Every structure is written in structure tokens, then in C-alpha cells.
Amino acid sequence: MTGIHIVGSGHTAFGRLDARSLEDLIVDATREALSEAGISGKDIDAVYLGHFNAGMCDDGFASSLIHQADDQLRFKPATRIENACASGSGAIYAGMDAILAGRAKRVLVVGVEKMTHRSTPEVTASLGRAGYQSDPSEAGLSFPQVFAIAAKAYAERYSNPMEAMARISSKNHKNALANPLAQMRRDLSFEQCNEVTEKNPLIAPPLRLSDCSLISDGAAAVVLSADPAAHARSAHIRAAAHVSDFLPMSRHDILRFEGPKRAVAQAYAVAGITVDDVGFAEVHDCFTIAELLMYEALGLCDAGQGATVLADGSVYRGGRLPVNLSGGLKAKGHPVGATGVSMHALSFRQLTGTAGEIQVDAPRLGVVVNMGGAAVANYATVLETGHV
């Protein structure tokens, strides 16, 4: 039990937001989170920004852009956190550490990325910098190629995962239809996702376009507090675990997903729960093969059996553990630095009954699993209902 609560959230739409600058996105998400928490900048003790960047944006020193949202944030300590696609969760955990250390009672965390103004090759190259650069055979790989290796290995070790991956893609697109913040609110059938066509070409064989997350702009924010009673609603961070693995792919087996599994297991242990207690999960589906492997990390199935929880409906809305009700990275979008904060913000809304059309009936516990790189930086958070 951490004693730390999320007491407010902010979330811009995700997508191609040409009219919104990085600063605009940060300011919009910040103001909404402060308003939802019923506070102003003067009530915040510290600020953390999750922002990957890696050359995608000219704003290389963006942490204090958060201060633009409210003049009363001036002189509050602001720090940027970068941990690849888990930068947002890294920022939340840094904020938690500040509270646990007694240096802050209330922290504002924002995650942001501005990506769509760059070409697909430019974005791919920027994201590729999160891979191991000291080995030429790895430094030359894009992340679609990395997860294509995982899909091929899965087929060799277990069974062909492509139909299961198509079902994941179709599920997440269907979920996104109910999320007005999602980038791609388009219903794609299993058949559309499973077939290689002109509209669904191979990106990195065997990965199809429908297996890949989106290039996105967007921001999300949360307010963390040690005093939930001072706010209208809250969700308690019951447990939080961060596990980092070796960066070189050659030093770990990507199919074992040991980092995510260990993070989830640690979070479950601290929370005193099992997977059967969880009401929903938001997991890192940068590629559909990643969500398939996340089913094992969550404890839903044994190794190589991810297709079974799709076949029996477990991970669908109405199933025993619906996964990525938001649409996930696949359809909601993946503005890298914002992703981890978005997962926590939307989970807060689920647990406080404010999630709109993606709301499920009275969930008590939710799990967030955010991942940076090929299962390298792994964050697992268990959240529970506070007061509404």
C-alpha cells in the first residue's frame, strides 16, 4: 500500500494534431488535470514530464513548459524523465518517489509527444535509438523488425500467432470506437486485420500494418496526492513495480517477457492479489505480438497459450479481464512520452466511474503495464478504487 492516490487527470485527443504545438498539448492536459483535482498550480509541490523525443521535436528542454499552464507553477521544481516508451510511467514513479521521500505532498505529472510532423522513416529512426547501439546487428533494427523477430520466434516455439494477433488488432479497434480520445476510431474486422492487402501491407514480415501501433501526437496528465480526502475523487496506487532488463536483445529471450512478468508478479505480491482479482488491464501493445505476450505476463495463460484467452473471450469487454478498453496503443494511439500517463489517467477514470463510454461496471482493481524497448523498462501498477 503506497498511500499515494491519483486525484485528477487530463487527456488530450490523440492523433495528428497539426494545430497544436508541444507546449499547447502540455498546457491543455495540465489545466484539465488541475481542474479535475480541484486545485491550482500553487497547490503543487513538484512537476515531472515524461517525454522521449530522440530528435522528433526541437523542444529538447521541455519540463518547464508545464509552468505555462498556470503562473502559480512558477518556481516549482520541474524535471523531465526519459525511459523510451515507458517515459510516462517513469515520470509517475518519480513523482511517487518524491512523495514517499517526504519532499512533496502533491505532484503533477504530464506525458507528451509530438510525432506526426515527422515522416514515418524519421519517426522510425528516432524510436530505433531506444535499441542497443553498440551491436551493429541490433542498432540497424527498427522496432517493427524487432517485434517481427518475436512473432517468428513465437511461431517456431509454439504455434503461428498471426490469427491471434489479428484478433487483438480487431478487438482494440472495436474498443476504440467507444473512446472519443482515440486516434483511430475505425471498426476493423478480424478478416481485414488478418489478410495482407493493399490497405494492410506487410511492414516487417510477418507484421502487417494492422499489427503496428500508431504515430501520434498527444498529452496526458495526472495529479498525485498523499491526501485524497482533499479532493472530490481518487484512485489509490496500491502497488507499483519497476523492473529493467538488459538492453541487448542477445542477453535475454524476448518471448519469455521476463521483465514484464517480474514487474507484474512484484506488483501482485505487494498488493496481495492475483490476476483473478483484477477488473481490467491497460497493457503495452506497441505491436500485437506484445499484447499476446502480455497475457502471459498478467498470468492469464501459460507460455504459448495466448490465443486461448482470445478464443474464450476473457480479454474482451465483458470477459473476466478486459484488456485495453481504451483501444490500446494500437488504436488509441502511441505518443510515446504520453502513453504511460494515459494508461494511468484512463485507469483512474475507470476506477472513479468517469470513463464515459469505455466504462465497465464498478471495477475495484485495475492493472497498468507500460514497457520501454523490447521488454527492457517495465512498469506494473495496481490501482484500486479510492473515494468518489
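Residue positions are counted from 1 within each chain, in the order its sequence is given. In view of the model being predicted, local features appear only for residues whose pLDDT reaches at least 70, and side-chain atom pairs are presented and counted only at 80 or more, with totals across whole chains, interfaces and linings using the full set of residues. The side-chain quantities take in all heavy atoms of the structure and omit both hydrogens and water.

Below, the discussion takes up the pattern of salt bridges. Two side chains carrying opposite charge are able to pair once their charged atoms lie near each other. For this analysis, a salt bridge means a side-chain nitrogen from Lys or Arg found within 4 Å of a carboxyl oxygen belonging to Asp or Glu. Taken as a whole and judged by the stated rule, the model has 15 salt bridges. Where aspartate 253 meets arginine 157, a salt bridge forms, and the shortest distance between an N and an O atom there is 2.8 Å. Separated by 96 residues along the polypeptide, aspartate 253 in the loop between β8 (235-244) and α8 (258-271) and arginine 157 in helix α5 (residues 143-157) bring together distant segments of the chain. When a residue's accessible area, from a 1.4 Å probe over protein chains only, is under 20% of the maximum for its type it is buried; when over 50% it is exposed; and in between it is partly exposed. The class for arginine 157 is partly exposed, based on a relative accessible area of 42%. Linked through salt bridges whose partners overlap, the residues forming this network are Glu32, Glu36 and Arg349. Counting from the N terminus, the helices are the DSSP runs of H or I reaching at least four residues and the strands are the DSSP runs of E reaching at least two.

What counts as an axis is a line fitted to C-alpha atoms, over the stretch in contact for a helix, and the angles between N-to-C directions run from 0 to 180 degrees. Two elements in contact, α8 and helix α9 (residues 288-298), have axes whose closest approach is 8 Å; the angle formed by their N-to-C orientations is 35 degrees. Where α8 crosses over α9, the two elements pack in a sense that is right-handed. Contact residues: Pro260, Lys261, Val264 and Tyr268 in α8; Met294, Glu296, Ala297 and Leu298 in α9. When residues are sorted by character, Ala, Val, Leu, Ile, Met, Phe, Trp, Tyr, Cys and Pro go into the nonpolar class, Asp, Glu, Lys and Arg into the charged class, and all the rest, Gly among them, into the polar class. For the contact of α8 with α9, a count of residues per class yields six nonpolar, no polar and two charged. With the far helix as reference, a near helix turned anticlockwise by less than a right angle produces a left-handed crossing, and one turned clockwise produces a right-handed crossing. Here a residue-residue contact requires only that any non-hydrogen atoms of the pair lie within 4.5 Å.

Structurally, asparagine 378 is set in strand β11 (residues 377-385). The buried category is assigned to asparagine 378, whose relative accessible area is 0%. Only 3.0 Å separates the side chain of asparagine 378 from the backbone oxygen of valine 376, close enough to count as a polar contact. Discounting residues that sit within four places of it in the chain, asparagine 378 has contacts with Ala241, His242, Val243, Gly259, Pro260, Ala263, Asn370 and Met371. Throughout this description, a polar contact denotes any pair of N or O atoms lying within 3.5 Å of each other; where both atoms belong to protein, one of them has to be capable of donating a hydrogen while the other can accept it, and for residues adjacent in sequence the pair is counted only when both atoms sit in side chains.

Before going further, it helps to spend a moment on helix α6 (residues 162-176). Here, expected helix span is obtained from the residue count minus one, scaled by 1.5 Å. When the terminal C-alpha atoms of α6 are compared, their 21 Å separation across 15 residues agrees well with the 21 Å that a helix rising 1.5 Å per residue should span. Burial of α6 is extensive: twelve of the 15 residues sit out of reach of the surface. Tucked into the core, α6 has its buried residues touching α5, α7 (190-194), β6 (207-208), α9, α10 (306-311) and α11 (328-331).

Our next topic: the pairing of strand β7 (residues 218-225). Counted residue by residue, β7 has eight buried out of eight residues, so it is predominantly covered. Here β7 shows a buried face lined by Gly218, Ala220, Val222 and Leu224 and a second buried face lined by Ala219, Ala221, Val223 and Ser225. Any two strands with at least two DSSP bridges between them are considered paired. By the bridge criterion, six bridges tie strand β1 (residues 4-11) to β7 in an arrangement that is antiparallel. Bridge pairing links isoleucine 6 to leucine 224 in β7. Here strand β4 (residues 106-113) runs beside β7; their pairing, made up of eight bridges, is antiparallel.

What follows concerns the pairing of β11. Here β11 lies mainly inside the structure; eight of its nine residues are buried. Across nine bridges, the pairing between β8 and β11 is antiparallel. Residue pairing for β11: alanine 239 is matched across the bridge by valine 382. Counting the residues between successive antiparallel strands, the hairpin from strand β10 (residues 365-372) to β11 contains four residues, one of them, glycine 373, with a positive phi of roughly 70 degrees.

A few words on α5. Taking 1.5 Å of rise per residue, the 15 residues of α5 would be expected to cover 21 Å, and the 21 Å separating its terminal C-alpha atoms lies within 8% of that figure. Every buried residue belonging to α5 is among Phe143, Pro144, Val146, Phe147, Ala148, Ala150, Ala151 and Tyr154, and all of these are buried.

Looking at soluble globular proteins, one finds that nonpolar side chains tend to be buried together. Membership of the largest hydrophobic core comes to 97 residues, with the highest contact counts inside it found for Phe147, Leu224, Ile289, Tyr295 and Leu298. Among buried residues, those of type Ala, Val, Leu, Ile, Met, Phe, Trp, Tyr and Cys that are joined through side-chain atoms within 4.5 Å constitute a nonpolar core. Counting residues in each nonpolar core, the second largest holds 24 residues, with Ala37, Leu65, Val110 and Val112 among its members.

Below, the discussion takes up the packing of α6 against α9. Look at α6 against α9: their axes get within 9 Å of each other, and the N-to-C directions meet at 95 degrees. Viewed along their axes, α6 and α9 adopt a mutual orientation that is roughly perpendicular. Residues Ala164, Met165, Ile168, Ser169, Lys171 and Asn172 of α6 form the contact with α9, whose own contacting residues are Thr288, Ile289, Glu291, Leu292 and Tyr295. A class-by-class count of the residues in the contact of α6 with α9 yields six nonpolar, three polar and two charged. When an angle is under 35 degrees it counts as roughly parallel; over 145 it counts as roughly antiparallel; between 65 and 115 it counts as roughly perpendicular; any other value is oblique.

For the rest of this paragraph, the subject is the packing of aromatic side chains. The pairing test for Phe, Tyr and Trp rings, Trp by its six-membered ring, is centres within 6.5 Å, and the orientation test on the planes gives stacked under 30 degrees, edge-to-face over 60, and tilted for anything in between. Under the defined criterion, the tally for this structure stands at three aromatic pairs. Measuring from ring centre to ring centre gives 4.8 Å for tyrosine 93 and tyrosine 379, while their planes differ by 85 degrees; the resulting arrangement is edge-to-face. Taken as a pair, tyrosine 93 in helix α2 (residues 87-100) and tyrosine 379 in strand β11 lie far apart in primary sequence, 286 residues in all. By relative accessible area, which is 9% here, tyrosine 93 ends up buried. For tyrosine 379, a relative accessible area of 4% puts it in the buried group. Ring centres of tyrosine 154 and tyrosine 158 lie 5.0 Å apart, and the angle between their planes is 65 degrees; this geometry places the pair in the edge-to-face category. Take tyrosine 154: its relative accessible area is 2%, and that puts it in the buried class. Judged by its relative accessible area of 31%, tyrosine 158 is partly exposed. Two conditions define a charge sitting above a ring: the NZ of Lys or the CZ of Arg must be within 6 Å of the ring centre, and it must be within 35 degrees of the ring normal. Across from the ring centre of phenylalanine 190, 3.9 Å away, lies the NZ or CZ of arginine 167, which sits over that ring. Looking at arginine 251, its charged tip hangs above the ring of phenylalanine 246, at a distance of 3.7 Å from the centre.

The strand order across the open sheet formed by nine strands is β3-β2-β4-β7-β1-β8-β11-β10-β9, and the pairing between neighbours is mixed. Looking at the sheet topology across the chains shown, the edges are occupied by β3 (78-81) and β9 (280-283). Neighbouring strand axes in the sheet, compared pairwise and without regard to direction, differ in orientation by 25 degrees on average. Examined bridge by bridge, β9 and β10 share four bridges and lie parallel to one another. In the strand pairing of β10, glutamate 282 is matched with valine 368. Taken strand by strand, α9 contacts β9 and β10, and its axis lies near 130 degrees from that of β10.

Everything listed is a geometric property; what it means functionally is a separate question.
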